[in-house]
Amino acid sequence: MKILLAEDDTKVADYIVAGLSEQGHSVDHLADGRDAFSYCLYNDCDLAILDRMLPGMDGLSVVKALRASGNSLPVLFLTALGQVDDRVEGLAAGGDDYLTKPFHFSELVARIDAIVRRKTDTKTVSTLNVHDLTLDLLARTATRQGSVIDLHNKEFSILEILMRNAGRVVTRTLLLERVWNFNFEPNTTVVETHMSRLRGKVDKPFDTPLIHTIRNTGYSMHGPR
Amino acid sequence: MDRGDILSGAAFSAVFRSALAFIVMLVLFGWVALNYIERSLITELGDDVQQRWNIIAAEHAGEGEDHMVQAISDLAQGGTGGHHAAALFGEADALVAGNIRTRPKGLGLQVGPLDHAAASPDDVTVDYIHFTGPVDDRTLVVGLRLDLLYRTKVLVFRALTLSGFLVVVTMLAVGYYLSRQSLRRLQDIETALSKTSEGDTAIRIAEKGGRTQIDRIARQMNLHLDRLSRMIETTRNTAAAAAHDLKSPLGRAYLSLGKAIEQVDRGEDPDAALTDTQDELEKMRVIFDSYLQLSRIEAAGRAQFSARVDLRDLTTDLVETFAMIADDAGQSLSFDVQRDQDYGISGDGQMLQQMVVNLLQNAVTHGAEGNRISVRLDRSQAEIRLAVTDTGPGIPADARQRVFEPFYRLDPSRSKPGSGLGLALVQAIAERHRGRVALGDNEPGLIVEVVLPGIAG
């Protein structure tokens, strides 16, 4: 995938470029907002990662200008401004997601995956499968090895996100955002508590664990490898 | 105290201007009064002179010329220093008898100098009031020196000048005193303010308990200084506590990173040490984020919110989530909501969500196993009340105000998790929504009550 990174902090930029290249992406890096805007207009790329505060032209203006010119390039904002208002502003301007510095690299990867899939994967599914676990999105039931698992609302939402991202890392922050709609750091064990209950229902009665903890980052769901 | 400052003071300059006005008035009225006195005295003396003339003329008519001459001599010699003047002139204005050497020109009552035989004692030409008239073929002149008039005028003039001078001096002295007094108070205020700006928060303006404008201003300023010093105090505490709270995880991160480096050097697996480092950095991030958010909310002012947030839906959802957390901690969480009420408020859903999360999280974190947490939502008229009650350790009454300060912790060892910003955020969010937070005693345990204005209807 071809990615544009507009970031004026060289250290952060080098780190992201190296990480994403390692993941097999081709990354172009620019440090100026105006350069980033013209790059997006005249080059083909799959995703732009924009810092909010850039010299020349700030990230928000770049996206506004892009959208005004009819460009629908997926955009991920990367910023030290992490308040709810900024987030709302960024998304309203036409950004697809918003990630606050400092962040874990896996969080960035997860967000990029989510954005790109949202753009390409438009077909709706009614069931999700991971190994021997099936989630029926219409009937809102989970079954594993033929037995029905009784789930709370939140547990169902967590499982759905994990299964939609099967094989990929789902970060704690992403779960807080998608399941609880928390756009702040709640300083609680909400995710951990629900995850341990969910595991008690989904994994414990069976021999093969499907939910795996990625230390300090989040969770990943996959069958035995 | 600088004299120039006192003389330019409001009290002194007001008095100074009044004194000038007083002097002008005094000169004006004095002049009028003197003129009046002069005129009435001259009229009176004129009557007197005329009467004397009539009497002497009557002597002539009744007793003959010798008698008249005698009366003239009596009159001329009577009195002292030529106070009286009388003379009889014959043909060709020759003096027949009396003490006037030359016959004055003209007839009738006149005011002017007379050629008196006795020079005036102080050698000053003095005016007389005199009456000249014919008696048969002679001319009789009777006059009276106008000393009384002049003496009266001098007396009145002196009295006016002296009293005017005394009044003006007194006024200026009083003005100077008042000006000095107020300047002293103003200097007190100035000193207090400059000391405050240098960081002395304990200084206050001495209050005299009076009712002057300066006393009122002094009281107002002291109240203001009270608030200011509380604020400075809080900010100082906050900065110190923030530094402390950030330094601890930073120190631990250093240590575990050092450990990881050693492990790498020794060819061991640094994984655990690196994870510890990351954990500590994460804690710092949380503190920074919360603190930034707090400052944002506090700085945002009280702009109107356009969105309607249903507090019942919001609380129900969060209670459901936290019931599990409480359950895991061996605690219970119950929710009680008064039905048939509207729990809509204009606000920011995200902020309110965070407020309720902080309240619930606090109750779970500070309570031990067996803690019973109950959440209650009700509405009376325009006010929506959200009360979170627990049976945990509670907060002592004397610390209930301080726990709202950022980074304030009841537990100085900071062994409980948390940034110390939870209640500060709750208060900031409540106030941002024109609400308030109060802490109470559940005996044992804590009651946190948030009151928010509901949407009418």
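Caption draft 1: Structural detail: the overall build of chain A. Within chain A, the regular secondary structure consists of 8 helices and 12 strands. Within chain A, buried positions represent 52% of all 225 residues. Sequence separation of 24 or more characterises 57% of the internal contacts of chain A that already satisfy a separation of 6 or more. For chain A, the computed accessible surface area is about 10,100 Å², with 49% contributed by carbon and sulfur atoms.

Caption draft 2: Layout of the interface of chain B and chain A. If you look at the interface, chain B gives 28 residues, while chain A gives 28 residues. When chain B packs against chain A, close to 2,600 Å² is buried across both sides, 48% of that on carbon and sulfur atoms. Of all residues in chain B, the largest losses of buried area upon contact with chain A belong to B:Arg296, B:Met324 and B:Gln350, amounting jointly to 24% of the total for that side. The interface formed by chain B and chain A holds 3 salt bridges in total. The residue B:Asp317 makes a salt bridge to A:Lys154 at a minimum N-O spacing of 2.8 Å. Where chain B packs against chain A, one counts 7 residue pairs in polar contact (both at pLDDT 80 or more). Of all the elements in the fold, those that place two or more residues in the side of chain B that touches chain A are α6 (271–299), α7 (311–328) and α8 (349–366) of chain B. Top element by residues in the side of chain B that touches chain A is α6(B). It accounts for 11 residues.

Caption draft 3: Spotlight on the side chain of A:Glu107. All names here are of chain A. Position of Glu 107 relative to the elements: it lies in helix α5 (residues 105–120). The buried category is assigned to Glu 107, whose relative accessible area is 4%. Each residue touching Glu 107, except ones within four places of it in the same chain, is listed here: Leu 99, Thr 171, Thr 173 and Leu 174.

Caption draft 4: Seen up close, the nonpolar core. Formed by 85 residues in total, the largest nonpolar core has its most connected members in A:Leu159, A:Leu162, A:Leu175, A:Leu198 and A:Met221. Broken down by element, the residue count for this core peaks at 9 residues, all from α8(B). Not counting residues up to four positions away in its chain, the partners in contact with A:Leu198 are A:Leu151, A:Glu155, A:Ile158, A:Leu159, A:Leu162, A:Asp203 and A:Ile211.

Caption draft 5: View of the environment of A:Asp28. Residue and element names in this part refer to chain A. Of note, Asp 28 is situated in strand β2 (residues 26–30). Taking the relative accessible area as the measure of exposure, Asp 28 reaches 29% and is therefore partly exposed. For the pair Asp 28 and Ile 3, spaced 25 residues apart in sequence, the C-alpha to C-alpha distance is 6.4 Å. Look past the residues within four positions of Asp 28 in its chain and what remains in contact with it is Lys 2, Ile 3, Leu 4, Leu 5 and Tyr 39. Looking at Asp 28, its side chain comes within polar contact range of the side chain of Tyr 39, at 2.3 Å.

Caption draft 6: Broad picture of the pairing of strand β3 (residues 47–51) of chain A. Residue and element names in this part refer to chain A. Counting buried residues in β3 gives 5 out of 5 residues, a clear majority hidden from the surface. Here β3 shows a buried face lined by Leu 47, Ile 49 and Asp 51 and a second buried face lined by Ala 48 and Leu 50. In this sheet, β3 lies alongside strand β1 (residues 2–6) in parallel orientation, the contact comprising 4 bridges. Note on β3: the bridge partner recorded for Leu 5 is Ile 49. As paired strands, β3 and strand β4 (residues 75–79) are joined by 4 bridges and run parallel to one another. For Ile 49, the partnering residue across the bridge sits in β4 and is Leu 76. A crossover connection joins β3 to the parallel β4 through helix α3 (residues 59–68); in handedness this β-α-β unit is right-handed.

Caption draft 7: Spotlight on a nonpolar patch on the surface. A contiguous nonpolar surface patch, about 360 Å² in accessible area, is contributed by B:Phe16, B:Leu20, B:Ile23 and B:Val27. Among the structural elements, B:Phe16 can be located in helix α2 (residues 10–63).

Caption draft 8: Expanded view of the packing of α7(B) against α8(B). All names here are of chain B. Relative to each other, α7 and α8 sit at 30°, their axes nearing to 10 Å. With respect to α8, the axis of α7 lies roughly parallel. Between α7 and α8 lies a crossing of right-handed hand. Facing Leu 314, Thr 315, Leu 318, Val 319, Phe 322, Ile 325 and Ala 326 of α7, the residues of α8 in contact are Gly 349, Leu 352, Gln 353, Val 356, Val 357, Leu 360, Gln 361 and Val 364.

Caption draft 9: Quick look at α2(B). End to end, α2(B) covers 78 Å across 54 residues, agreeing with the expected 80 Å (1.5 Å per residue, within 8%). Within two residues after α2(B), B:Gly64 carries a phi angle of roughly 105°, on the positive side.

Caption draft 10: Highlighting the packing of aromatic side chains. Residue and element names in this part refer to chain B. Applying the stated criterion across every chain yields a total of 5 aromatic pairs over all chains. On the basis of an interplanar angle of 85° and a centroid distance of 6.3 Å, the ring pair of Phe 12 and Tyr 176 is categorised as edge-to-face. Of this pair, Phe 12 sits in helix α2 while Tyr 176 is found in helix α4 (residues 147–197), placing the two residues 164 residues apart along the sequence. A residue is classified by how much of its surface remains accessible, and Tyr 176, at 22% relative accessible area, is partly exposed.

Parameters at a glance
Residues numbered from 1 in each chain as written. Chains lettered and ligands numbered in written order. Predicted model: local features only at pLDDT ≥ 70, side-chain atom pairs only at ≥ 80, totals over all residues. Heavy atoms only, no water. Helix = DSSP H or I, 4+ residues; strand = E, 2+ residues; numbered from the N terminus. Buried < 20%, exposed > 50% of the residue type's maximum accessible area, 1.4 Å probe, protein only. Contact = heavy atoms within 4.5 Å. Areas by Shrake-Rupley, 256 points an atom, 1.4 Å probe, with all protein chains shown as cover. Buried area = accessible area lost by both parts, 1.4 Å probe. Salt bridge = Lys/Arg side-chain N within 4 Å of Asp/Glu carboxyl O. Polar contact = N/O pair within 3.5 Å; in protein donor to acceptor, adjacent residues only side chain to side chain. Core = buried A, V, L, I, M, F, W, Y, C linked by side-chain atoms within 4.5 Å. Pairing = 2+ DSSP bridges. Right-handed = clockwise from strand over helix to strand, strands pointing away. Patch = residues over 30% accessible without salt bridge, like charges linked within 9 Å, V, L, I, M, F, W, Y side chains within 5 Å. Axes fitted to C-alpha atoms, helices over the stretch in contact; angles between N-to-C directions. Parallel < 35°, antiparallel > 145°, perpendicular 65-115°, else oblique. Left-handed = near helix turned anticlockwise from the far one by under 90°. Expected span 1.5 Å × (residues − 1). Phe/Tyr/Trp six-rings, centres within 6.5 Å; stacked < 30°, edge-to-face > 60°.

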